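So you can see what is in the structure, the chains are spelled out below.
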Amino acid sequence: MKFGVVVFPGSNCDSDAYHVLKDVIGVDCEYVWHETRDLSDFQALVLPGGFSYGDYLRCGALARFSPVMDSVYRFVDEGKLVIGICNGFQILLEAGLLPGAMLPNNVLEFRCQWVDLKVENTKTPFTCLYEPGEVIRVPIAHHEGNYYAEPDVLDELERAGRVVLRYVDASGNPTLEANPNGAARNIAGITNEKGNVLGLMPHPERCSESILGGRDGRRIFLSMIKSLETGASLSF
Amino acid sequence: MADISQTAPWREMGLRDSEYELIKARLGREPNYTELGMFAVLWSEHCAYKHSKRLLRTLPTKGPGVLVGPGENAGVVDIGDNLACAFKIESHNHPSAVEPYQGAATGIGGIVRDILAMGARPVVLLDSLRFGPPDDPKTRFLFGGVVSGIAGYGNCLGIPTVGGEVFFAKPYAGNPLVNVLCGGIMKHEDLHRGGAYGVGNVVMVVGHSTGRDGIHGCTFASDVLDEDSESKRSNVQVGDPFMEKLLIEACLEMMACGAVVGIQDMGAAGLTSSCAETAARAGTGLVIDVGKVPMREEGMNAYEVMLSESQERMLLIVGSDKVDEVKRIGAKWGLHAAEIGRVTDSGNLEVLHNGNLEASIPVSLLAMGAPEYTPGAREPEYLRKTRELKDESVRTPEFSEMKEILLELLASPNIASKEPVFRQYDYMVRTDTVEGPGRGAAVVRVKGTKKGLVFTTDCNGRLIYLSPKSGAAWAVTEAALNVAVTGAKPLAITNCLNFGSPENPEVFWQLKEAVRGMGEACQALETPVTGGNVSLYNESDGVAIYPTPIIGMLGLLEDIEKRITPGFKSAGDLVAVLGKVWGDVRSLSGSEYLEVVHGMVAGDPREPDLELARGIIEVLNEGAREGVFSSAQDLSEGGLLVALAESCIHGEGGARGCVMSPKALGCGGREGIRADAMLFGESNTAVLVSFPANCEEQVSHICRRQNVPLSVIGRVQSSALAVETCGGLRVLEVPAEEIAQAYSRGLEDSLKS
Amino acid sequence: MKFKGTVTVWLKEGIFDPQGAAVKGSLEAMGFKEVEKVRIGKNIVISLEAEGAAEAKDLLEQMARKLLANPVTEAYRVHVEEEKAGAER
Amino acid sequence: MKFKGTVTVWLKEGIFDPQGAAVKGSLEAMGFKEVEKVRIGKNIVISLEAEGAAEAKDLLEQMARKLLANPVTEAYRVHVEEEKAGAER
Ligand SMILES: Nc1ncnc2c1ncn2[C@@H]1O[C@H](COP(=O)(O)OP(=O)(O)O)[C@@H](O)[C@H]1O
Ligand SMILES: [Mg+2]
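A quick note: this is a predicted structure, and the numbers were derived from the prediction, not measured.

Undergrad: Any chance you could explain the overall build of chain A here in plain terms?
TA: Each helix and strand in chain A was counted, giving 5 helices and 11 strands. Residues counted as buried form 64% of the 236 residues belonging to chain A. When contacts within chain A are restricted to residue pairs at least 6 apart in sequence, long-range pairs at least 24 apart make up 75% of them. Counting every atom, chain A has about 7900 Å² of accessible surface; 47% of that belongs to carbon and sulfur. For chain A, the separation between the mean place of its 21 positive charges and that of its 31 negative charges on side chains is 3 Å.

Now the structure itself:
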């Protein structure tokens, strides 16, 4: 089993994701330069955080036209796992692999802080190791994380259990105060219809070791590994 | 072009008549216009340190760990395991005063390239900021722009901004300070230097194209701010952080493949300074053709290309057989990597434009020939007044007022939490930030080792204003104690001397005294100066800023798991002061308390007790190794009571309060002791610690060995901060929530009101 | 022939524009009580070479559709004019 | 009367526009070889109440000068039209 961490020219959380996968968890992992077209070596891909092309124009808008993205579409079609973290999420939205779009944070500022998240669906390949309804602590760091989609799209996401992570308060309620960026319905992470693509604004790779103040994020990666190992059904 | 000696264009360029005469004499001829421009930028105060060089030479710069001292792009310090840390602080004050967002952003860009030039990967940033009063609309504009500029640029680079300072005071109203520190890590063998070595080697420009932006930026930085500054705005440079990120990755790759003989960032004075300095360091010459420099605007002449301060560019000296490799890496990252000339043995910087010789100047004259000035120095008038601080000049508040005072101090923007600032910075990227902003000095792990690097910036301009020598010594001492409370050993400093016009004898006296105080403290604490930056002419409308020599300090934790943190850990732990708390009116000199509560900026701060400070550092180091301390916190703005409050704020679980009695500090009987000075006095060489009661013997043993007074002053409790008098009377009790509220809302509230 | 195209991109009606709201707030605080609504969009000016205005417009439409605007949240309008030699924008 | 003002703000000539440069690069990579230059500015649409067009324009000029444009790096232009009732944008 091999993970690929895609490196766009302005990615800056690529080495963080790589470190967690390779050094902390110990799974096979390689960097994938954005001009690469052959992804056949990999079972899972990470689109890491950062500022892929300076985030000029719109976050993720320019990265979507990187050569690697053609292959990412195919990769997704084949049912392999793709996780887009922060800027990676924004790229997935721009690429149409996930529905909706990102607006600037309603606080009009970059926000770097810890947030509480509720794991709303534990039947995905990314969350199968969490307890249903578990509240976890994970950092965010973004300027455009205000998730937007048309109401009917949101309803469909909710209905199909595709809202996987939500900003909540310490007791698990999706309150206004717990929402750091104005995201529709406190949405922090969603999957595609098939369930093999997860986009999330929070950074699980920043909380996978206790020395960094918590390790709630580690199980996202461990869940992916487990699903790949057991070949568990990728849809739910 | 008209005869140069008739039109005297050097005056506009910022050169004195005498300097022009010197150039003419040393050159043996009249310089042409391009040459004159090159002299003007390199002989500006910003580049040539004309007024400060003599003083800087007096600073201690050597130490066993110093691999590279001042003179290169950044200092480099050994951190063991065959690793080294490059670090340096730099100012971008004037550009930020005029265009705060871009000024601050390009300030980050510049210091990052300095660290990159040493061969290190930049891994941390700290920002040290000074503004006018927060209720001034101009301050809000500057503050907002500067903070978002740092965020906009630094976040994009993926270099965490892990710490810094923000301080508000009137003298900075027209002239804010924006100082940025960058630290980087490298293996010893990756160390690079900014020298144009090897005759025949190729000179290359890597990174952004060159435009007309920022021409004469460093001359601008060497002038006072006035109404004209607005019109000098064409000097504004726009940062492109994405390009800088590419530049970092590309240059590291170019260096890793062994192609790079010498490397230098292009900061102030662009191509002129990078060419002159690299050649001067190597004792060589250069011939370059500016026609080969990638340009973004049409019709640029040699003068413009040589003086442009377009951002995100590096100068590389490359072995001729490696040029293709460098070009290949440049192309991979989508960057220009252009061959523009060669290293020669002529000792001259020869500038061609499409083959025509436009300038030819000995590099030694250009880079090192600027005159040095020792202006007159005179003790400032105002000191006679400010030194007068008598017991009776400050009313001692009743105990019933102390709670309000404490909350007022906690909410004071200089003490309150800076979270509204640092939450805009990505301080976690790279997953090495173990103690981020808001928790004292920053602690960053070094992956692959057990080590941690500790960074802090410190300087209280108010103290320097009242006594430049002891104030500067305090800045060093505070930085060292800040580092040491994590359990780390202070290794070395970098500094940025922000002062007014050196041509004013009172300002020059401040500068001289401050350098003396800094030097003595660095000597005593064995933290050599490895580099820094001088920013003079920080004045507006005839008002100079508080003299502000900002200290950036690097410390090393041998075992990051054994670090000490600022918050209380468990109820019942003993709370103690290591060192000495004066408790008299003099210790209120320049304190936040005196300004906020009594509206006074006065007093004559004592010098720090450096011998004692050394002892305290030893105690903390030893205590950390032995794991005896539960928490440690230095005393700075707000004094002992604010330090206690901070330990409560950072306290864990059921340890968010404490009860203390100043008895052990000797409050009874001693002459001149006052409650407010005991609680809020600042010039104390002391830190606050807590430890389990059963460690008391061990702690006092360590303290005795280091000759450090230990005074147990109280106990950690669950949820309130209380003070008892010597007689055991409870005179103050503040619930933890009230403390946390005041502290967390203070800054935002003061910017809003 | 040279053309100057302007692609104006704005947030669709119905999508809250926090930046616009913040600017409105600031304008009000500065005493501009007359302001009823503020919306902030992008103005992308593209100089390009084309056979004629129709081709230029077509190219710009394509750029807008594919890259310059995000169809989920944004609407756009394209405007083309011939570049006058040496004209200052 | 109601007016719709548009303040267009752009980076002064000679000031580098990294955003525009990056977008140009992407457009080229996408095959739009015809593009010679891209500059990105802001388009601020303000609905306001005023006595007449002249007053509206004057107010907008003031807003632009004081807040909407940064005189150090940006230039602006103001355009006013009467708001047609019920008109989109
Ligand atoms: N501009 C800033 N950027 C990042 N962090 C900051 C900034 N200002 C203050 N901080 C952080 O807030 C905390 C308190 O600041 P200060 O009181 O100056 O620190 P200290 O007591 O450690 O000298 C420190 O951890 C510092 O790093
Ligand atoms: Mg401090």
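After that view of the structure, there is still more to cover.
Undergrad: What's the story with the overall build of chain C in this structure? I'm lost.
TA: Looking only at helices and strands, chain C has 2 helices and 3 strands in total. Ordering the α and β elements of chain C from the N terminus gives β-α-β-α-β. For chain C, the spread of C-alpha atoms along the three principal axes comes to 50 × 35 × 15 Å. Burial statistics for chain C: of 89 residues in total, 47% are counted as buried. Pairs at least 24 apart in sequence give 71% of the contacts found in chain C among residues at least 6 apart. Accessible surface, chain C as shown: approximately 4300 Å² in total, 53% of it carbon and sulfur. Each charge class in chain C can be summarised by its mean position, and for the 14 positive and 15 negative side chains these summaries are 5 Å apart.

Undergrad: Even after reading the chapter, I still don't get helix α3 (residues 87–94) of chain A, so can you show me in this structure?
TA: Note on helix geometry: an α-helix contains 3.6 residues per turn, so any two residues three or four positions apart are oriented the same way. All names here are of chain A. Taken across its 8 residues, α3 has 8 buried, putting it largely inside the fold. Among all positions of α3, only Asn87, Gly88, Phe89, Gln90, Ile91, Leu92, Leu93 and Glu94 are buried. Two residues or fewer after α3 comes glycine 96, characterised by a positive phi angle close to 80°.

Undergrad: Looking at this structure, how should I read the interface of chain D and chain C?
TA: Quoted interface sizes are often the accessible area lost when the parts come together. In this assembly, 34 residues from chain D lie in contact with 34 residues from chain C. Buried surface at the junction of chain D and chain C, summed over both partners, amounts to about 3100 Å²; 64% is from carbon and sulfur atoms. At the junction of chain D with chain C, the criterion picks out 2 salt bridges. One salt bridge connects Lys2(D) with Glu36(C), and the closest N-O pair in it is separated by 3.1 Å.

Undergrad: I keep staring at the pattern of salt bridges and nothing clicks. Help me out?
TA: Working definition: two side chains of opposite charge can pair if their charged atoms are close together. Residue and element names in this part refer to chain B. In the structure shown here, the tally under the stated rule is 76 salt bridges over all chains. Residue arginine 387 is joined to glutamate 379 by a salt bridge in which the shortest nitrogen-to-oxygen separation is 2.9 Å. The exposure class assigned to glutamate 379 is partly exposed, which follows from its relative accessible area of 36%. Between lysine 447 and aspartate 432 there is a salt bridge; the shortest N-O distance is 3.2 Å. One end of the pair, lysine 447, is in the loop between β15 (442–445) and β16 (452–458); the other, aspartate 432, is in the loop between α19 (419–422) and β14 (433–435), with 15 residues separating them in the sequence.

Undergrad: What's the story with the site of ligand 1 in this structure? I'm lost.
TA: All names here are of chain B. Around ligand 1, the surrounding shell holds 17 residues, and the nearest of these are Asp127, Gly438, Gly440, Asp458 and Asn482. In the model, an oxygen atom of ligand 1 is placed 2.7 Å from a nitrogen or oxygen of the glycine 440 main chain. Contact between ligand 1 and asparagine 482: an oxygen atom at 2.9 Å from a side-chain N or O atom of the residue. When isolated, ligand 1 has an accessible area of 540 Å², and the protein chains bury 91% of it. For the shell around ligand 1, the secondary-structure elements that each account for two or more residues are β5 (161–168), α19 and α21 (468–484). No other element matches the 4 residues that β5 contributes to the shell around ligand 1. Considering only residue class, the shell around ligand 1 consists of 5 nonpolar, 6 polar and 6 charged.

Undergrad: Explain the pairing of strand β3 (residues 44–47) of chain A here, please?
TA: Here is the key point about a regular strand: its side chains alternate between the two faces of the sheet. All names here are of chain A. Residues Ala44 and Val46 line one face of β3 and the alternating positions Leu45 and Leu47 line the opposite face, and both faces are buried. By the bridge criterion, 4 bridges tie β3 to strand β4 (residues 81–85) in an arrangement that is parallel. Across the sheet, residue leucine 47 finds its bridge partner in β4, namely glycine 84. For the crossover from β3 across helix α2 (residues 68–77) to β4, the handedness is right-handed.

Undergrad: How should I be thinking about the relation of the copies chain D and chain C in this particular structure?
TA: Mapping between the two chain copies consists of a rotation about an axis together with a translation along that axis. Expressed as a screw transformation, the operator carrying chain D onto chain C has a rotation angle of 180° and an axial translation of 0.1 Å, and the superposed copies differ by an RMSD of 0.2 Å. As the rotation angle and translation indicate, the two copies are arranged about a two-fold axis. Proximity to the rotation axis, assessed at the C-alpha, singles out Lys42(D) in chain D; its C-alpha lies 2.3 Å from the axis. In this assembly, 100% of the residues forming the interface of chain D have copies in chain C that are likewise at the interface, indicating an isologous arrangement.

Undergrad: What exactly am I supposed to notice about the interface of chain C and chain A here?
TA: Counting residues at the interface gives 16 residues for chain C, matched by 16 residues for chain A. Summed over the shared surface of chain C and chain A, the result is 1 salt bridge. Linking chain C to chain A there are 5 residue pairs in polar contact (both at pLDDT 80 or more). Only α1 (18–29), β2 (35–49) and α2 (53–68) of chain C provide two or more residues apiece to the side of chain C that touches chain A. Looking at the side of chain C that touches chain A, its residues break down into 10 nonpolar, 3 polar and 3 charged.

Undergrad: Would you mind going over the environment of Gly88(A) with me for this structure?
TA: All names here are of chain A. With respect to the element layout, glycine 88 can be found in helix α3. Glycine 88 gets classed as buried once you look at its relative accessible area, which sits at 0%. For the pair formed by glycine 88 and aspartate 116, sequence separation is 28 residues and the distance between their alpha carbons is 20 Å. For glycine 88, the residues in contact, after removing those within four places along its chain, are Leu47, Pro48 and Gly49.

Undergrad: Sorry if this is basic, but what is going on with the packing of aromatic side chains here?
TA: Two aromatic rings, taken as a pair, are described by how far apart their centres are and by the angle between their planes. Scanning the entire structure with this criterion turns up 17 aromatic pairs over all chains. With centroids separated by 6.3 Å and ring planes inclined at 85°, the aromatic side chains of Tyr56(A) and Phe242(B) adopt a geometry described as edge-to-face. Placement of the pair is Tyr56(A) in the loop between β3 and α2 and Phe242(B) in helix α12 (residues 241–256), with the two residues belonging to separate chains. We classify Phe242(B) as buried; its relative accessible area is 10%. Ring centres 5.0 Å apart and planes at 45° place the aromatic pair Tyr465(B) and Tyr546(B) in the tilted group. Of this pair, Tyr465(B) sits in helix α20 (residues 461–466) while Tyr546(B) sits in the loop between β20 (543–544) and β21 (548–557), and the two are 81 residues apart along the sequence. Ring pairs connect the aromatic residues Tyr172(B), Tyr382(B), Tyr465(B) and Tyr546(B), which therefore count as one cluster. Seen from the ring of Trp33(A), Lys332(B) lies directly overhead, with NZ or CZ sitting 4.8 Å from the centre. A cation over a ring is seen here: Arg606(B) above Trp582(B), with NZ or CZ 3.6 Å from the ring centre.

Undergrad: In this structure, what is going on with the sheet that holds strand β9 (residues 285–289) of chain B? I would like to understand it.
TA: Two modes of strand pairing occur in sheets, parallel and antiparallel, and in both the strands are linked by backbone hydrogen bonds. All names here are of chain B. An order of β8-β10-β7-β11-β9-β12-β13 is seen for the 7 strands of this open sheet, with the pairing classed as mixed. Looking at the sheet topology across the chains shown, the edges are occupied by β8 (260–265) and β13 (356–362). Averaged over all neighbouring strand pairs, the angle between strand axes comes to 25°, with direction disregarded. Relative to strand β11 (residues 336–344), β9 is paired through 4 bridges, and the arrangement is antiparallel. If you follow valine 287 over to β11, its bridge partner there is arginine 342.

Undergrad: Help me out: how do you make sense of unusual backbone geometry in this one?
TA: Trans is the common state for peptide bonds, and a negative phi is the common state for residues other than glycine. The residue Arg185(A) is not glycine, and still its phi comes out positive at about 50°. One non-glycine residue, Glu526(B), lies in positive phi territory at about 55°.

Undergrad: What exactly am I supposed to notice about the environment of Gly182(A) here?
TA: Residue and element names in this part refer to chain A. Mapping glycine 182 onto the fold places it in the loop between β9 (163–168) and β10 (187–191). With 78 residues separating them in the primary sequence, glycine 182 and proline 104 have C-alpha atoms 8.8 Å apart. Setting aside chain neighbours within four positions, we find glycine 182 in contact with Asn106 and Asn146.

Undergrad: Got a minute to help me understand the sheet that holds β16(B) in this structure?
TA: Residue and element names in this part refer to chain B. Within the open sheet, the 6 strands sit side by side as β14-β15-β16-β21-β17-β18. Their pairing is mixed. The sheet is open, and its two edges are formed by β14 and β18 (529–535), each paired on a single side. Each adjacent strand pair in this sheet contributes to an overall mean axis angle of 25°, direction not counted. Strands in contact with α21 are β16, β17 (489–498) and β21; relative to β21, the strand with the most contacts, it is inclined by about 25°. In this fold helix α22 (residues 505–525) packs onto β17, β18 and β21, with an angle of close to 175° to the strand it touches most, β17.

Undergrad: Which parts of the structure should I look at to understand the arrangement of the chains?
TA: Of all 5 pairs of chains in contact, the one with the most contacts involves chains C and D. The least C-alpha distance between chain B and chain C, which are not in contact, is 11 Å.

Undergrad: Hey, could you run me through the packing of α1(C) against helix α2 (residues 53–68) of chain D in this one?
TA: How two helices pack is summed up by the angle between their axes together with the distance between the axes. At a minimum axis separation of 11 Å, α1(C) and α2(D) run at an interaxial angle of 105°. The angle between α1(C) and α2(D) places the two elements in the roughly perpendicular class. Seen from α1(C), the contacting residues are Val23(C), Ser26(C) and Leu27(C); seen from α2(D), they are Met63(D), Leu67(D) and Leu68(D). Its residues assigned to classes, the contact of α1(C) with α2(D) shows 5 nonpolar, 1 polar and no charged.

So, how was this worked out
Residues numbered from 1 in each chain as written. Chains lettered and ligands numbered in written order. Predicted model: local features only at pLDDT ≥ 70, side-chain atom pairs only at ≥ 80, totals over all residues. Heavy atoms only, no water. Helix = DSSP H or I, 4+ residues; strand = E, 2+ residues; numbered from the N terminus. Buried < 20%, exposed > 50% of the residue type's maximum accessible area, 1.4 Å probe, protein only. Contact = heavy atoms within 4.5 Å. Areas by Shrake-Rupley, 256 points an atom, 1.4 Å probe, with all protein chains shown as cover. Lys, Arg positive; Asp, Glu negative; His and termini not counted. Charge placed at Lys NZ, Arg CZ, Asp CG, Glu CD. Buried area = accessible area lost by both parts, 1.4 Å probe. Salt bridge = Lys/Arg side-chain N within 4 Å of Asp/Glu carboxyl O. Near = heavy atom within 4 Å. Polar contact = N/O pair within 3.5 Å; in protein donor to acceptor, adjacent residues only side chain to side chain. Nonpolar A, V, L, I, M, F, W, Y, C, P; charged D, E, K, R; others polar. Pairing = 2+ DSSP bridges. Right-handed = clockwise from strand over helix to strand, strands pointing away. Least-squares fit on C-alpha atoms with pLDDT ≥ 70 in both. Phe/Tyr/Trp six-rings, centres within 6.5 Å; stacked < 30°, edge-to-face > 60°. Lys NZ or Arg CZ within 6 Å of the ring centre and 35° of its normal. Axes fitted to C-alpha atoms, helices over the stretch in contact; angles between N-to-C directions. Parallel < 35°, antiparallel > 145°, perpendicular 65-115°, else oblique.

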